[in-house]
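Commentary on secondary and tertiary structure
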Amino acid sequence: MATIISQFSLSVLRQSAGKLKAGDLVSFPTETVYGIGADAMSNVAVARMYKVKNRPTSHPVIVHIAELNDVDYWAKEIPENAVNLMRDYWPGPMTLLLRRRKVAGDFLTGAQEIVGLRIPANNLALGLLDEFKALGGKGIAAPSANRYGAVSPTTAEAVSQELGEFLSPNDQILDGGACLVGVESTIIDCSGENLKILRPGAISAEMIEESTGIVLAEVSETKIRVSGSDKQHYAPKAKVIVDGQSRSGEGLIAMSDIATPEGVIRLAEPKSIEEYARVLYSALRMSDNQNLEKVRIIPPTGQGLAVAIRDRINRAGALPGDQDLYLQSED
Ligand code: TXA
Ligand code: MG
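Conventions adopted
Residues numbered from 1 in each chain as written. Chains lettered and ligands numbered in written order. Predicted model: local features only at pLDDT ≥ 70, side-chain atom pairs only at ≥ 80, totals over all residues. Heavy atoms only, no water. Helix = DSSP H or I, 4+ residues; strand = E, 2+ residues; numbered from the N terminus. Rg over C-alpha atoms; globule rule 2.2 N^0.38 Å. Buried < 20%, exposed > 50% of the residue type's maximum accessible area, 1.4 Å probe, protein only. Areas by Shrake-Rupley, 256 points an atom, 1.4 Å probe, with all protein chains shown as cover. Lys, Arg positive; Asp, Glu negative; His and termini not counted. Charge placed at Lys NZ, Arg CZ, Asp CG, Glu CD. Salt bridge = Lys/Arg side-chain N within 4 Å of Asp/Glu carboxyl O. Pairing = 2+ DSSP bridges. Patch = residues over 30% accessible without salt bridge, like charges linked within 9 Å, V, L, I, M, F, W, Y side chains within 5 Å. Core = buried A, V, L, I, M, F, W, Y, C linked by side-chain atoms within 4.5 Å. Contact = heavy atoms within 4.5 Å. Expected span 1.5 Å × (residues − 1). Bend = angle between axes of the 7 residues up to and from the residue. Phe/Tyr/Trp six-rings, centres within 6.5 Å; stacked < 30°, edge-to-face > 60°. Polar contact = N/O pair within 3.5 Å; in protein donor to acceptor, adjacent residues only side chain to side chain.

Section: the overall build of the chain
- The helix and strand tally for the chain stands at 10 helices and 15 strands.
- The C-alpha radius of gyration computed for the chain amounts to 19 Å, which stays within 12% of the reference 20 Å derived for 331 residues, consistent with globular compactness.
- Considered along the principal axes of its C-alpha atoms, the chain spans approximately 60 × 45 × 35 Å.
- When each of the 331 residues of the chain is scored for burial, the buried share is 57%.
- Looking at the chain as shown, the accessible area adds up to about 13,900 Å², and 48% of this sits on carbon and sulfur atoms.
- Treating the 34 positive side-chain charges of the chain as one cloud and the 41 negative ones as another, the clouds have centres 5 Å apart.

Shown next, in the form of structure tokens:
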């Protein structure tokens, strides 16, 4: 079990940065979800992080960096559109895929020529990244801090539930409270001729247009389910049913204007799209803690963040065997 830390000062963050530098794993909050961090320069540390997650090693991982100046270390041939996006939305819930420099090892990129970079908008994460940089660190590789295929954690307690038994006392979980956004970052592929949204998130197609002048599809919401991988994603143990009529004994996640029928266990009733994103994963987790067999989810309507929420709901409801990578949507 990892050491959980909930009181912070510069010296505490320095110690956590030292742990990362020594090859230990540190889970930290971001504005989206909690990540499980490893030194991005260390093949050994990243390999252990994959093991803790039970994640296939061919999956690439996002490198979190402290500031804009760090982009050049990892990436080359950075298009002007990408620079505009970084300036406008970093620190923030956006990951850019860029052409890698050789320092971005195959163990980070899944042996592809692209590296994923992000500056998160969370003070603890930024403090940790600064201290890590002061110790000579170049970036923190961090996927969401859940077991492969499971629901991403939005609290330190959820990290502990997901990964606690696989972590050692030298590893740390930094408790920074609940994540403000609640769904993972928007992933934008900037490595090819045209920008592409590979995973929708809080940085919407409209916001990308404002920054770059380019109109993108909000991501095709069905296209990403391609057979070939071995698990659904963002999935609780309960069976997820999308839309339809609630039945007694089921859990229900829906906007607050939808009433709770008798016998139905209401897991969340968000009043806004932002709140929906913030509570979705903890509501899915609650369904497991209550040993529910079925959870019905009525997705929100609308664009922007609602697109990201529908994407995650559809994936949570996908059947085992559906593709779970956001990589290379098929055009
Ligand atoms: O909000 C987030 O992005 C969170 C927080 C912790 O930053 N991280 C996160 O990481 O969601 P993860 O590993 O659970 O999901 C990252 C996705 C994966 O689907 C992966 O395939 C894709 O990003 N990805 C990362 N690096 C990539 C690369 N070099 N090429 C293609 N896809 C990449
Ligand atoms: Mg993940």
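Now, onward.
Quick notes on the pattern of salt bridges
- Enumeration according to the criterion identifies 14 salt bridges in this entry.
- Two residues, Arg-285 and Glu-162, come together in a salt bridge whose shortest N-O distance is 3.1 Å. Pair noted here: Arg-285 is in helix α9 (residues 273-289) and Glu-162 is in helix α7 (residues 156-163), with a separation of 123 residues, a long-range link. The pair Arg-285 / Glu-162 is uniform in exposure class, with both members buried.
- Between Glu-250 and Arg-296 there is a salt bridge, and its shortest N-O distance comes to 2.8 Å.

Considering the pairing of strand β11 (residues 196-199)
- Across 3 bridges, the pairing between strand β10 (residues 186-189) and β11 is antiparallel. Counted as the bridge partner of Asp-189 is Lys-196 from β11.
- Hairpin connection of β10 to β11: 6 residues between the antiparallel strands.

A short note on a negative patch on the surface
- Together, Asp-88, Glu-206, Glu-209 and Glu-210 make up a negatively charged patch on the protein surface.
- Mapped onto the secondary structure, Glu-209 falls in helix α8 (residues 205-212).
- Owing to a relative accessible area of 35%, Glu-209 belongs among the partly exposed residues under this scheme.

Things to note about the nonpolar core
- Within the largest apolar cluster, 64 residues are counted, with the highest numbers of intra-cluster contacts made by Leu-96 and Leu-117.
- With 6 residues, helix α6 (residues 123-134) is the single largest residue contributor to this core.
- Contact partners of Leu-117, with chain neighbours within four places excluded, come to Ile-62, Val-63, Ile-65, Val-71, Trp-74, Ala-75, Trp-90, Met-94, Thr-95, Leu-96 and Leu-98.
- Core analysis: the second largest hydrophobic core is formed by 25 residues, Val-240, Ile-253, Tyr-276 and Ala-308 among them.

Topic: the environment of Val-52
- Locating Val-52 in the fold gives a position in helix α2 (residues 43-53).
- The spacing of Val-52 and Arg-147 is 95 residues in sequence and 7.5 Å in space, taken between C-alpha atoms.
- Discounting residues that sit within four places of it in the chain, Val-52 has contacts with Leu-25, Arg-147, Leu-163, Phe-166 and Leu-167.

A few points about the pairing of strand β7 (residues 114-118)
- Burial analysis of β7 places 5 of its 5 residues in the buried class, the great majority of the element.
- Burial along β7 is two-sided: Ile-114, Gly-116 and Arg-118 facing one way and Val-115 and Leu-117 facing the other are all buried.
- Here strand β4 (residues 63-64) runs beside β7; their pairing, made up of 2 bridges, is parallel. Paired with His-64 across the strands is Arg-118, a residue of β7.
- As paired elements, strand β6 (residues 94-100) and β7 share 4 bridges and run antiparallel to each other. Each bridged residue has a counterpart across the sheet, and for Leu-97 the counterpart in β7 is Gly-116.

Things to note about α9
- The end-to-end C-alpha distance of α9, which contains 17 residues, comes to 24 Å, matching closely the 24 Å that a straight helix rising 1.5 Å per residue would cover.
- At Val-279, α9 is deflected by roughly 40°, the largest bend along its length.
- Residues Tyr-276, Ala-277, Leu-280, Tyr-281, Ala-283, Leu-284, Arg-285, Ser-287 and Asp-288 constitute the buried set of α9.
- Asn-291 sits one or two residues past α9 and shows a positive phi near 55°.

Considerations on the packing of aromatic side chains
- Counted according to the given criterion, the structure contains 1 aromatic pair.
- Ring plane angle 80° and centroid distance 5.2 Å describe the contact between Tyr-73 and Trp-74, whose orientation is recorded as edge-to-face.
- You can call Trp-74 buried: its relative accessible area is 0%.

Focus on the side chain of Arg-266
- Among the structural elements, Arg-266 can be located in strand β14 (residues 265-268).
- Salt bridges are absent for the buried Arg-266, whose nearest opposite-charge side chain, Glu-269, sits at 4.3 Å.
- A polar contact is formed between the side chain of Arg-266 and the backbone oxygen of Ala-254, at a distance of 2.9 Å.
- A distance of 2.9 Å separates a polar side-chain atom of Arg-266 from the backbone oxygen of Ala-268.
- In this structure Arg-266 touches Leu-252, Ala-254, Met-255, Ser-256, Ile-258, Ala-259 and Thr-260, once residues within four positions along its chain are discounted.

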